[in-house]
Amino acid sequence: MIDTEALRYAKQLVSINSVNNTEGESRIADWIEDTLRSFAYFQKHPEYVIAQPLKNDRYGRKNILAFVKGEKGNKPDTLIFHGHIDTVGIEDFGPLKEWACDPDALQEKMLESNIPDALRKDLETGDYMVGRGSCDMKSGDAVNLSLLHELSENPESLSGNVLVMFNPVEENLHTGMVESLDVLLDLKEKYGFDYKLAINNDFTCPGDESDKKVTLYAGMAGKLLPCFYIQGAETHVGQPFEGLDAAETAARLVSLISRNPAYADTWLEETSCPPTVLKMKDLKEHYDVQTSKDAFVYFNYFVHNASPSAVIAQLKKAAGKVLQEREEDMKSYAFIWSGKDARTFEPCVYSFEELAAKEPDVDVNAEIRAEIEKGTDAREAAIPVIRRLLGKAGIHQPCVVLYFAPPYCPHNVIEDPSVMEKIMDETEKETGISYRLSHFYPSLSDSSYIAMDDDEKELEVLKNSFPGMDVIYPLPFEKIHALSIPAVNFGCYGKDAHKWTERVNVPYTFGILPILMRNAVKALLE
């Protein structure tokens with residue numbers, strides 16, 4: 001049976017354009033707050049709905065939290081359901097952009113258009129709803145909202161408490177979830193909440209068209225953003241073997257690392273997606289016939305269990321390999337071309353921590369802050385600092401400096417997922433659905449910020465190679481450790497998140513997912 005209230009909420013949520021870093025994130029939070037306050041339970045207990053404005057936020061965004069206190073036994077056990085309310089942009093819809101946030105009209109326009117066969121086939125079944133955010137993840141938010149409404153109408157039958165969170169800013173820096181930690185800690189102290197599990201309903205999708213199982217996740221992959229500043233040796237293009245082109249070094253780093261399974265992290269018999277390049281550029285500001293003196297590249301790097309120190313060692317080795325191979329190629333090419341040797345260098349590789357230790361009098365935080373105030377992108381704010389450190393240390397030969405930049409997502413995992421298996425088994429019996437359980441949600445998730453597996457020693461390694469972390473990405477590690485809430489993902493179910501063909505499967509998301517969630521309430525609170 002379809003939860004028609006959840007489906008109605010989903011269409012209303014999709015209709016509110018809440019692209020990340022727009023005022024739409026504020027409007028959708030207002031709608032959710034108004035909807036919650038219309039429930040009879042919250043009219044009786046208005047203090048159980050909390051709107052937390054984000055600090056110094058130019059768009060007026062806020063976290064919305066609400067909870068139902070079970071009246072059966074007055075237990076402290078508390079279950080969290082949460083989701084993000086922002087989306088990626090709508091430019092990819094092209095000529096259909098006008099209807100990107102209107103599921104019914106968009107489906108009609110799609111069926112009138114030249115669309116991929118797989119999309120047309122799905123739409124003609126009547127089992128899918130389209131629209132930006134339909135899959136990632138407003139349908140999940142809608143089911144959370146509907147469940148809370150249902151529980152609020154009969155709190156005397158509920159043992160323990162159910163809390164629902166709606167967070168903005170997930171699609172880039174996860175600011176909403178990070179700031180909501182303060183509220184979770186306050187509620188823990190004020191009401192004695194004992195958080196048993198946090199369930200995200202972010203999107204899940206089939207592995208391929210033949211995959212008939214739905215995957216649930218008992219943990220979250222982490223993310224690092226390793227950046228390479230590359231200092232070359234400039235030369236005139238008429239004397240190419242007198243220098244070392246930094247842009248070519250950057251290209252070779254991308255060729256070695258990006259999508260290379262050798263750099264994927266395996267833990268508990270699951271392997272992360274390999275690193276993917278997100279940006280590569282030389283740092284020349286104008287045209288001339290001088291080769292690139294410096295260049296810059298960074299990667300998305302998923303982590304299942306690898307420590308920051310292990311990643312640093314691995315990537316320093318990769319950079320060293322590239323520099324050595326470049327030296328060898330230069331010699332070979334020069335000899336083939338002219339019968340003479342190329343100029344030789346003694347290239348080197350540093351982590352930011354190693355470089356900064358050479359010039360400890362440089363106030364890195366102050367210099368990073370000054371760059372941010374000038375409008376420099378947070379990923380690139382360290383570049384002027386690195387240039388200064390290299391100059392002061394007298395390092396003029398070609399080199400690579402490795403550092404981390406935001407965002408950083410901690411990894412966490414539930415190594416004993418027996419409670420998840422119990423919930424899955426009950427739902428399979430009740431619905432006939434087939435589930436599989438994986439340890440790591442393979443995408444980026446707000447769930448990374450409510451528990452973390454890296455210890456204090458590794459966090460120090462991370463911070464020491466993350467220039468200006470306290471300035472540009474201050475994470476409250478002590479609060480995350482204080483909460484340490486086991487994190488899992490159930491998820492609305494669909495296809496093509498972050499694509500214009502994004503669509504959510506209606507029978508599963510609004511029929512079976514609510515049953516799965518009710519079974520979680522029974523298993524964890526009763």
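Residues numbered from 1 in each chain as written. Predicted model: local features only at pLDDT ≥ 70, side-chain atom pairs only at ≥ 80, totals over all residues. Heavy atoms only, no water.

## Observations concerning the packing of helix α11 (residues 364-373) against helix α12 (residues 383-392)
This is how the line gets drawn: Only the stretch in contact is used when fitting a helix axis, every axis being a line fitted to C-alpha atoms; angles between N-to-C directions are given from 0 to 180 degrees. Counting from the N terminus, the helices are the DSSP runs of H or I reaching at least four residues and the strands are the DSSP runs of E reaching at least two. In this scheme, roughly parallel covers angles under 35 degrees and roughly antiparallel covers those over 145, while 65 to 115 is roughly perpendicular and the rest are oblique. Contacts: residue pairs with any heavy atoms within 4.5 Å of one another. Three classes are used: nonpolar for Ala, Val, Leu, Ile, Met, Phe, Trp, Tyr, Cys and Pro, charged for Asp, Glu, Lys and Arg, and polar for all others, with Gly counted as polar.
Two elements in contact, α11 and α12, have axes separated by 9 Å at closest approach and are oriented at 140°. Accordingly, the angle class assigned to the pair α11 and α12 is oblique. In contact with Val364, Glu367, Ile368 and Glu371 of α11, α12 contributes Pro384, Val385 and Arg388. Its residues placed into classes, the contact of α11 with α12 shows four nonpolar, no polar and three charged.

## Quick look at helix α4 (residues 103-111)
So the rule is basically this: Here's how the labels work: a residue is buried when its accessible area is under 20% of the maximum for its type, exposed when over 50%, partly exposed in between, all with a 1.4 Å probe on protein chains only.
The set of residues buried in α4 consists of Pro103, Ala105, Leu106, Gln107 and Met110. As for α4, its buried residues are in contact with α1 (4-15), α5 (117-125) and β4 (128-130).

## Structural notes on the sheet that holds strand β20 (residues 494-495)
To summarise the sheet geometry, strands pair through backbone hydrogen bonds and adopt either a parallel or an antiparallel arrangement. We count it as follows: DSSP-based pairing: two strands are paired if at least 2 bridges between them are found.
Read from one edge of the open sheet, three strands run β4-β21-β20, paired in antiparallel fashion. This sheet does not close on itself; its edge strands, each paired only once, are β4 and β20. Packing against the sheet, α5 makes contact with β4, β20 and β21 (503-505), and its axis sits at approximately 120° to β4.

## A few points about the environment of Leu184
Residue placement: Leu184 occurs in helix α7 (residues 175-191). According to the relative accessible area criterion, Leu184 is buried, its value standing at 0%. It is 9.9 Å that separates the C-alpha atoms of Leu184 and Met165, two residues lying 19 residues apart in sequence. Beyond its immediate sequence surroundings of up to four residues, Leu184 is in contact with Leu65, Ile80, Leu163, Met165, Tyr195, Leu483 and Ile485.

## Examining the pattern of salt bridges
Rule in force here: What makes a salt bridge here is a side-chain nitrogen of Lys or Arg within 4 Å of a carboxyl oxygen of Asp or Glu, nothing more.
The full count for this structure, using the stated rule, is 33 salt bridges. Taking the shortest distance from any N to any O, the salt bridge between Glu25 and Arg61 comes out at 2.7 Å. On the criterion of sequence distance, the pair formed by Glu25 in helix α2 (residues 24-37) and Arg61 in the loop between β1 (49-53) and β2 (62-69) is long-range, its members being 36 residues apart. The class for Arg61 is buried, based on a relative accessible area of 6%. A salt bridge links Asp288 to Lys284; the nearest nitrogen and oxygen atoms lie 2.8 Å apart. For Asp288, a relative accessible area of 27% corresponds to the partly exposed category. Overall, the relative accessible area of 28% leaves Lys284 in the partly exposed class. Sharing partners across several salt bridges, the network here consists of Asp122, Glu209, Lys495, Asp496 and Arg503.

## Notes on a negative patch on the surface
This is how the line gets drawn: Candidate patch residues must exceed 30% relative accessible area and have no salt bridge, after which like charges are joined if within 9 Å and Val, Leu, Ile, Met, Phe, Trp or Tyr side chains if within 5 Å. Per-residue and other accessible areas were derived by the Shrake-Rupley procedure at a 1.4 Å probe size, with only the shown protein chains allowed to occlude residues. Neither His nor the chain ends contribute to the count of charged residues, in which Lys and Arg are positive and Asp and Glu negative. Lysine's charge is taken at NZ, arginine's at CZ, aspartate's at CG and glutamate's at CD.
On the surface, Asp416, Glu421, Asp425, Glu426 and Glu430 cluster together into a patch of negative charge. Along the polypeptide, Glu430 turns up in helix α13 (residues 418-431). Using a relative accessible area of 45% as the deciding quantity, one classes Glu430 as partly exposed.

## Concerning the packing of α2 against helix α6 (residues 134-152)
Rules: Crossing handedness: left-handed means the near helix sits turned counterclockwise from the far one by under a right angle, and right-handed means the same turn made clockwise.
Contact pair α2 / α6: the axes reach a minimum separation of 11 Å and the direction vectors enclose 20°. Regarding the angle of α2 to α6, the classification is roughly parallel. Judged by the twist between their axes, the crossing of α2 over α6 is right-handed. Residues Ile28, Trp31, Thr35 and Leu36 of α2 touch α6, and the partners they reach there are Lys138, Leu145 and Leu148. The residue inventory of the contact of α2 with α6, partitioned by class, reads five nonpolar, one polar and one charged.

## With respect to α12
Let me state the cut-off plainly: The arc refers to the directions leading from the helix axis to the C-beta atoms.
Those residues of α12 that fall on the buried side of the exposure criterion are Ile383, Val385, Ile386, Leu389 and Leu390. Buried residues of α12, viewed axially, fall in a sector of 155°; they line one side. The secondary structure elements touched by the buried residues of α12 are β10 (226-231), β14 (294-303), α10 (352-358), α11 and β16 (399-404). Trailing α12 by a residue or two, Gly394 shows a phi angle of about 70°, which is positive.

## With respect to the side chain of Asp454
Applied cut-off: Within 3.5 Å is the distance limit for a polar contact, defined as a pair of N or O atoms, with the added protein rule that one can donate a hydrogen and the other accept it, and that residues adjacent in sequence qualify only through two side-chain atoms.
Locating Asp454 in the fold gives a position in the loop between β18 (435-438) and α14 (456-464). One buried charged residue, Asp454, remains without a salt bridge, the closest side chain of opposite sign being Lys463 at 12 Å. Of note is the side chain of Asp454, whose polar atom sits 3.4 Å from the side chain of Tyr408. Setting aside its immediate chain neighbours within four residues, Asp454 contacts Ser307, Pro308, Tyr408, His411, Leu459 and His481.

## Focus on the pairing of β14
Of all ten residues in β14, ten are buried, a share of seventy percent or more. Side chains of β14 alternate between two faces, with Asp294, Phe296, Tyr298, Asn300 and Phe302 and Ala295, Val297, Phe299, Tyr301 and Val303 buried alike. Bridge count for strand β9 (residues 222-224) against β14 is three bridges, and the pairing is antiparallel. Residue Gly222 lies in a different strand from β14, and its bridge partner there is Val303. The sheet contact formed by strand β13 (residues 276-282) and β14 spans six bridges and is antiparallel. When the bridges of β14 are listed, Asp282 appears paired with Ala295.

## Digging into the nonpolar core
Applicable threshold: In this description, a nonpolar core means a group of buried Ala, Val, Leu, Ile, Met, Phe, Trp, Tyr and Cys residues linked to one another through side-chain atoms lying within 4.5 Å.
By size, the foremost hydrophobic cluster in this structure holds 154 residues, and its most contacted members are Leu36, Phe42, Leu184, Phe228, Tyr408 and Phe490. Filtering out sequence-adjacent residues up to four positions away, Phe228 remains in contact with Leu253, Ile257, Ala295, Phe296, Val297, Phe299, Leu315, Ala319, Val400, Val401 and Leu402. Counting residues in each nonpolar core, the second largest holds twelve residues, with Ala100, Leu106, Ile115 and Val130 among its members.

## Remarks on a nonpolar patch on the surface
Taken together, the side chains of Val237, Tyr287 and Val289 define a hydrophobic patch exposed on the protein surface, amounting to about 340 Å² of accessible area. Mapping Tyr287 onto the fold places it in the loop between β13 and β14.

## Here's the deal with the packing of aromatic side chains
Quick note on the threshold: Ring pairs shown here join Phe, Tyr and Trp side chains whose ring centres sit within 6.5 Å, with only the six-membered ring taken for Trp; geometry is labelled stacked below 30 degrees between planes, edge-to-face above 60, and tilted in between. In this analysis the charged atom, NZ for Lys or CZ for Arg, is taken to sit over a ring once it is within 6 Å of the ring centre and within 35 degrees of the ring normal.
Enumeration over the complete set of coordinates arrives at 18 aromatic pairs. On the basis of an interplanar angle of 75° and a centroid distance of 5.2 Å, the ring pair of Tyr217 and Tyr441 is categorised as edge-to-face. With Tyr217 in strand β7 (residues 214-217) and Tyr441 in the loop between β18 and α14, the pair connects residues that are 224 residues apart, well separated along the chain. There is no split in this pair, since Tyr217 and Tyr441 are both buried. Taking the centre distance of 6.4 Å and the plane angle of 75° together, the rings of Tyr435 and Tyr508 count as edge-to-face. You can see Tyr435 sitting in strand β18 and its partner Tyr508 sitting in helix α17 (residues 506-525), a full 73 residues away along the chain. Of the two residues, Tyr435 and Tyr508, neither departs from the other in class, the shared state being buried. An aromatic cluster is present here, built from Phe39, Tyr41, Phe42, Tyr48, Phe67, Tyr191, Phe193 and Tyr195 joined pairwise through their rings. The ring of Tyr128 carries Arg503 above its face, with NZ or CZ at 6.0 Å from the centroid.

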